[in-house]
Every structure is written in structure tokens, then in C-alpha cells.
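# Close look at the chain arrangement
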Amino acid sequence: MSSAHYITQFRRNVSDKYVIYNSLFAALPFSGIANVGALLPILSQACMDGYAAGKTPVEILEDFFRQHTNGSTPEEQKDRLFKFVQYIERQVVLFDAIEDAAFDTVNNIHGPGSMRALLNEAVFAGKTQQLRQKLRKFKVRVVLTAHPTQFYPGTVLGIIHDMSDAIAKNDFHTINQYIQQLGITPFFNKKSPTPFDEAVNLMWYLENILYQSIGNIYNFIESEIFDHQYDGDNPFIELGFWPGGDRDGNPYVDAATTLKVAEALRSAITVCYYRDVRKLTRRLTFSGIDTRMHELEALLYENVFRPTENNRIQTQVLLDKLTEIRNAVVSKHHALFLGRLDSLIHKVKIFGTHFASLDIRQDSRIHRKVLLEINEVTQQQSGKACLPASYEQMTETEQLAVLFGISESVDPAGCTGIAKDTLESIQAIRTIQERNGKAGCHRYIISNCQSAVNVAEVYALCKLAGWKEPDMHIDIIPLFETIDDLRQAEQIMETLYQLPAYQQHLTQRSNNQTIMLGFSDGTKDGGYLQANWSIYTAKENLTAISRKYNIRAKFFDGRGGPPSRGGGKTNKFYASLGSTIENEEIQLTIQGQTITSNFGTIQSSQYNLEQLLSAGLSNELFADSRIQLSQHDRYLLEELGRISYETYQQFKAHPLFLPYLQQFSPLDYYSKSNIASRPAKRGGGGELRFEDLRAIPFVGSWSQLKQNVPGFFGVGTALQEMKAKGFWNDIKAMYRNLLFFRTLVDNSMMSMLKSFFPLTAYIKDDPQYGVVWEWVKREFDLTKELVLELADAKLLMEEDLPGRASIQMRDNIVLPLLTIQQYALDQLHRENLDPAEKAVYEKMLTRTMFGIINAARNSA
């Protein structure tokens, strides 16, 4: 159907319903100030009119208070601003719930990118058998992270879910009750969550959404594509999990946390099976079957409520019991309710007893430090060090020989601090595998990987922790993040592939090597275009070098929510990859808001998972019908990347680059928001250094400033220079014909649509920072002009009108919040500010972050 049809559906099922249900907020049980709901529309209009007239945020709010709140004191004004913040936070929740409820009407859920559409295309092209063969080995791995871009507590997530159901049914009374509930439900954490809290919050999606949606996709593939004849072990979709395992810069994650989270995951999936078995027991009431079902129900009950080391049920035991029941149902009871039983069997095959696979991650610099500490301990305890005295003076080749030659093990009890925890964490992998199966935890990711030695250090630590080949069931995964790291990745991996010890390790891992590539830090380091092109070429080079040594490379993309961190229309990136990039799996991280927006309901989750799965499958099945990158295209992309990189580096090198962000955005307040256990920057110390700044607060702060620099900066200059050199028609042809480049440009349009420069136009008159604002605005205007010309469009996101309408509605809802945030920042910059007043404005600023981030859905 046309875009016009879906924008009509959006207006009918989202815009109009929001107007209706928003009126219910007038009865919200806010105490203190009356008429908040009546005044807020006036404030919203005042913001729109004020920015159109060139007013500053301070002027807009001062004029509003003067005209509409006669005689109010400064304290009453601040109190009213807090009430507005509370009110708008809940309006955002309402809009989320309405959009979720309307998902299947504003999206073509069975259209292009769905598994049904892919099957139809394969049948039409006579490629059904090829599709089946590809499905026997291809899969998508979605890894949920605890990165702090999610401001909804679990209680609010539940309300959104339940309200969406009520809205879909037009149950006005129940909707009104949920809105009342929202009014008195806290929206923020009084203290930072622990890593275990983060894990439990994310498990809500595993139990309530992904368990069903992934099971539905498996059922469709097994029945419709394989005609109930699928006998393979590929689950098609796997889940990964970082909360409780990701140690990179998070001092609060330790081995005990990892084990506790793994146990919680096992308990969660067992609860899901228990519920399904109870439902099935009410249907499978046949003689002989009923007894078996009750026995299985009792066994799962014991595993959930009275677990011990001796009664842990294993995946194969559970499958055997279900298969016995299935055989009896087929042979003796006319296969009655077989579909429901098969659905449960499919879920057990997918999720096992682990639910999601815990990944361990740590920074390479920590591993080096730990090795040297362990070396000192072994020297003191036994008089024999595990490393030669001259180790730090050795060449890389010599260090690799030493590290791969380590054979002794070390008792963690003899170590302290990070060394002790690192060894215990590696030992925890074995414990989890024994309890939850090998799929429960088998990957160790090395952040900031810059050499082959960094990989060898983890291998050596595994040996020191007691692992021995051929029983080292651990995949060691290097993470390449910066532009320089991406350039060196091919040489690093070839060095490893040439080492006999590492070859032996990969042989035990079925000659598979997972390699992680970081979009977030890549963009932060090198800018939008260069980061994406560098990752593309790095994948090509890593594919070639891996194939040279008969290794299958599997790429794991560290993606965030917004386009600048590898988000946006992610499925289109995977559909655009050519045969020069290995296509065995799609692996990617899903973070914070993106989990809510893409996987907040069973329908949206199934839709987005199918889009990813279909993208990877169609990329190979129909590659012959797609235009591949030519040498000239490569030249154009190389030049565009180079120019944009240089432009971004010039901007980044400006002495006011980081101070500008600290002065006018909430960058320095991320740590006060209590949304995550992880600190906002790596390392200690008071002064903020760019290299220590995490990508999430960096990108998120530009987003809250409504300037979105990481999603477009350098693109316009690159296009302009190439146009001046006479390549414009070539670039336009590349936009029309190459999905990879078109997706890059389209995602950049999304970043620009979410920008709003009138909010900060006052900065251009600042004697110190005005030059920075002008620089960003010039690049924005240039980029917008050229991408519209490139796409032959008049509007940003013209090809996705429902998406455009959603962004604009969300931005209108939070415009007063953005205004209040800028107002609070201005007050905090006043000289001689009273400490008590400062605390109030800091709290106000922090509270505005919640609604702004939640409304944007993929801003960080």
C-alpha cells in the first residue's frame, strides 16, 4: 500500500486518539497547583510562537509567567515548572501506548521485509529450496544491553503495555484508570539501579515479549517454509544479554553478579515453560497423557520454586519428555492440540534452560593490568612468575609466544581486586555452562582491542583461570571501535590466524571467529559517514582474510538507537551488504529506548525481528538482482568518507568543542539521572576528557540540544566538495541504485528532522560560543539542502510520512520540556547562585531529560 494510506491510518489511529485521550489528563491527581493541564497547551503554543519570533527560552518562560500566572512568586513558578515536567512525561507515555496499539495499522506487517513476503518472493522466483538451505544455517542474534538510554522504570513499562491493549480495544474506562495510575506512579529512580536491577528490568521483555514473538517466527518458518519437516538445530533467532556480564567501565559488575543474573535467566525461562505447560495440561487431558503432563508440571514447579543443584532440569531432558508426549498424542489421540504442543517444543529448542546467552566484556587495558598483577602474585607465592621478567620489553611476536604458551592455573583466592574478580568471572563461565548449558555463557568480548596481544591476553587469562584445550568452550571476541582500530583489524586477525595455538583454539570452535565492530565509538571518533564506510570496508577485509585461512567470520555490530550510533533503519543496512561480506549471521546490540520502541509489543517485536531475518536471507538469495558496488562507487564513498572525516576532525579539534556541549546541554548531568549502574565516563578524575566520554552521553547530549551533530556533521561538506569536482550526477545515481548509500543518507535525514535550531538560536550571540553554534548551523543547512537535492525531495523523510509525523508529534509534545531544560541551564550559569536554588535547578534539569529521551525513542 502507498505511504498516503499509512499516513491516513496514522492520523486516524494515533493523532486523533492522542487528542481524545490526552483530554483525560485534565483529571490527573496532581497536587499543589491547579489547572496544569489547562495551562500546558498555552505554554506549548507560547513556545512555538516564541521561537518563530526569535525569542530565547528564558524570554518565553518569563513572558508566559507574566501573562498567565499573575502574582506568582519565583518559588511558585519553579513548582509549576516541575508540574509541567511531570505532566509531559505522562503525555509521552500515552503517545507511546497509542503508537504501540496502532502498530499493525500504520505498518505493513505482512509487506516487504516480512517472512511471509520473503516466502512469496522465493516461491515466485523458484528459490524455495535455496531459502530452506539458507535457513538451516543463517540466524539473527539480538543482544540486549543495559546501556543507559532507557528512562522508564519497570512499573511504567507495564502500564504502557497494558494501556496499549486497552487502547486497541477502545476500552475508555480502563484507559482512564491507567491514566490515573500514571499520575501517581514515580517515573524516576531515587538511586542508581544495581546491575542486577538492570538485568531484572530487561527480563520483562524476555518473558512478556520476545518469548512469544521469537516463538511465533519459529512456528511460521517450521510450518510454512519447511511444511512441518524441519529437523535442524538452528533456532533462527538467538538472544544475547549484557546486564550482569558487561564489566567495561562498570565497577559494580562482579563474578557474583554474573552468576546471579544467569540464575535469574534460568528461572525466568523455566517460569515461561511452567506457564505454558499448565495451559497445555488443561487441553491434553487424554488417558496416559494427563499423567505425564502433571509430572512435567510438577518437575518445572520444583525448578521454579524449590531449585537445588540436584533437581536442575536440562534442555535435552525437557525435550525428551515433550517428544514422548508428542509421539503419544500423534499415535493415540488424533494429534489433537498438536500445534500448541509443537509451539512449546520449538521454544525449548530456541531458549533451552538459559533463555539468553550472557556475554562477558572488559576493556583490554584492564586485562593487561590483571596479567601483571597475577604475575606478581605467582612470583610471591611460588617463586615462579607466569611471565618472563623481560615481558614488557618483548616484541609483539615474543609476547604472543609467551601468552599462548601459558599452561599453569592460578587460584583466585590468592589475588585481590580486579585480578581476583577477572579470574572468578572466567571461572563463572564454566559454572554457568554446567547449570544452564554451554549456550548460557560462552563469549568474552575485548573492548578497545588494538592488537593481537590483547586477544592473547584473554586466552592466557582463561588458561590461568583453569580452562584447558580442547575443553575451552569460549569464543574470544575482539571489539574494534575507533577508525584506526578498524584499519588495523585485518592485520590483527591475520596475525592471530597464523598462530598454531590460536588455530587449534578456533578448530575447537568449529573454525568460527566472531568479530565485534563498534558503530557508537566509531562515529564519536571519526564522524558519521567515515565510521559507517570504515566498518563496511573493515568487514570486507576481515571476510577476505578469514576466508583465506578457512575461518568463518561472524560480525557482531555494536549498534545504538540513533542513526549516528548505527541505529535507524538497521535492516536496510543488512539487506545492502554484498557477497564480499560474510553473511552467516546478523548479530547486533539493542539498547535502552530501542528495546522499548522496537520490541515493546509482541507485534512490533515480531515485525522488527522478521525485518532483520529477512534482510540477511534476501541479501544472499536475491543478490543477483541487486546492483553491487563498482570501483567508481568505492572511490566516491572513499572520498566522501575522507572529506567528512576531515571536516568532523576540524570541528572536534576546536578548543570549545567539548565545553560547548557541557555549557548548553545536560552532558554533565547524565550521572545524576540514576538510570544506570554504569558511570557516564570511563576512568576516574574530575576533568572530562573526550576519549573518556562514553558514546551514549555524547550522542544523547547533542540530541537533547536538538542539534544531532553525530548524525550529519561533515556530510554536507563532503557532498558539496564532490559536487564541485563534477561528481554530483554520479552520487545521485549511487543514491538511486545502492541501498547502502541510500540508507546512510536517509538515516542522516532522520537525525536532521529531529534537530531544532530555534531552541538554541540565542547562542549565536554569545561572545565565546557563538562561533561554534554558527559552525554547526552552517553544516546543518548545507547538509539538509544537498540531501534533499540528492533525494529529489522537498521534505526530510518524505518517503516515510508516518515516521515523519511521529517524530514531529513527539517533538511538539516535548517542546516545553526542551524550553524548561534550557531555562534551567541558564539559571545554573548565574553567578553567586544560592546552593539550595542550584540544587532545585539541577533537579529540574535532570527531570527534563527523562521525557525528552523517552519521546525521541532512539536519541541515544
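What you see is a predicted model, and the numbers here were worked out from it, not measured in a lab. (Residues numbered from 1 in each chain as written. Predicted model: local features only at pLDDT ≥ 70, side-chain atom pairs only at ≥ 80, totals over all residues. Heavy atoms only, no water.)

## Details of the overall build of the chain
This is how it is decided: Runs of E in the DSSP output that reach at least two residues are strands. Runs of H or I that reach at least four are helices, and both are numbered from the N terminus. For this measure, only C-alpha atoms enter the radius of gyration; the expected value for a globule follows 2.2 Å times N^0.38, where N is the number of residues. The buried label applies to any residue whose accessible area, calculated with a 1.4 Å probe on protein chains only, is under 20% of its type's maximum; exposed applies above 50%, and partly exposed to all values in between. By definition in these notes, contact holds between two residues if any of their heavy atoms fall within 4.5 Å. Method for areas: the Shrake-Rupley scheme with a 1.4 Å probe, in which residue coverage is limited to the protein chains shown.
Within the chain, the regular secondary structure consists of 34 helices and eight strands. For 860 residues, the compact-globule estimate of 2.2 N^0.38 gives 29 Å, and the C-alpha radius of gyration of the chain, at 28 Å, lies within 12% of that figure. When its C-alpha atoms are laid out on the principal axes, the chain stretches across 75 × 75 × 60 Å. A total of 860 residues make up the chain; the buried ones form 61% of that total. For the chain, long-range pairs separated by at least 24 residues make up 82% of all intrachain contacts whose partners lie at least 6 apart in sequence. Accessible area of the chain: about 33,200 Å², with a carbon and sulfur share of 49%.

## Topic: the packing of aromatic side chains
Applied cut-off: The rule is short: rings of Phe, Tyr and Trp, with Trp giving its six-membered ring, pair when the centres are within 6.5 Å, and they are stacked under 30 degrees, edge-to-face over 60, tilted in between. Both a distance and an angle decide whether a charge sits over a ring: NZ of Lys or CZ of Arg must be within 6 Å of the ring centre and within 35 degrees of the ring normal.
Enumeration according to the criterion identifies 44 aromatic pairs in this entry. Ring plane angle 75 degrees and centroid distance 5.6 Å describe the contact between Tyr-18 and Phe-95, whose orientation is recorded as edge-to-face. Of this pair, Tyr-18 sits in helix α1 (residues 3-22) while Phe-95 sits in helix α4 (residues 74-101); the two residues are 77 residues apart in sequence, bridging distant segments of the chain. Its relative accessible area of 8% is what places Tyr-18 among the buried residues. Ring geometry for Phe-103 versus Tyr-607: centroids 5.3 Å apart, planes at 75 degrees, classification edge-to-face. One end of the pair, Phe-103, is in helix α5 (residues 103-106); the other, Tyr-607, is in helix α25 (residues 602-621), with 504 residues separating them in the sequence. The two residues Phe-103 and Tyr-607 agree in class, both being buried. Over the ring of Phe-556 we find Arg-443; its NZ or CZ atom is 4.7 Å from the centre of that ring. Lying across the ring of Trp-728, Lys-723 places its NZ or CZ 5.0 Å from the centre.

## Re the layout of surface pockets
Using a probe with the size of a water molecule, rolled over the atoms, empty space left in the structure can be pinpointed. Spelled out, the test is: Here a cavity means grid points, on a 1 Å grid over the protein atoms only, where a 1.4 Å probe fits yet cannot get out; a pocket means an open set of points with protein on both sides within 12 Å along at least five of seven lines; lining residues are those with an atom within 4 Å of a point. Grid points are joined across faces, edges and corners, and a volume is the space filled by probe spheres set on the points. Three classes are used, and their members are as follows: Ala, Val, Leu, Ile, Met, Phe, Trp, Tyr, Cys and Pro are nonpolar, Asp, Glu, Lys and Arg are charged, and the others, Gly among them, are polar.
The calculated volume of the second largest pocket comes to roughly 1,200 Å³. For the second largest pocket, the lining is made up of 50 residues, of which Lys-139, Pro-235, Glu-238, Ala-439 and His-442 are closest to its centre. Counted by class, the lining of the second largest pocket contains 13 nonpolar, 21 polar and 16 charged residues.

## Focus: the state of the cysteines
Filter applied, for reference: The rule for a disulfide is simple: a pair of cysteine sulfur atoms within 2.5 Å.
Tallied over the full model, the rule gives zero disulfides. A disulfide-free cysteine, Cys-462 has its sulfur positioned 11 Å from the sulfur of Cys-441, the nearest such atom.

## A closer look at the pairing of strand β1 (residues 139-145)
Cut-off, in case you're wondering: Only strands joined by at least two bridges in the DSSP assignment are considered to pair.
Among the seven residues in β1, seven count as buried, and that is most of the element. Taking every second residue as pointing to the same face, both faces of β1 are buried, with Lys-139, Arg-141, Val-143 and Thr-145 on one and Val-140, Val-142 and Leu-144 on the other. By the bridge criterion, seven bridges tie β1 to strand β8 (residues 585-591) in an arrangement that is parallel. If you follow Lys-139 over to β8, its bridge partner there is Glu-585. Of the strand pairs in this sheet, β1 and strand β2 (residues 237-241) are connected by five bridges, and their pairing is parallel. Residue pairing in the sheet places Val-140 in a bridge with Ile-237 of β2.

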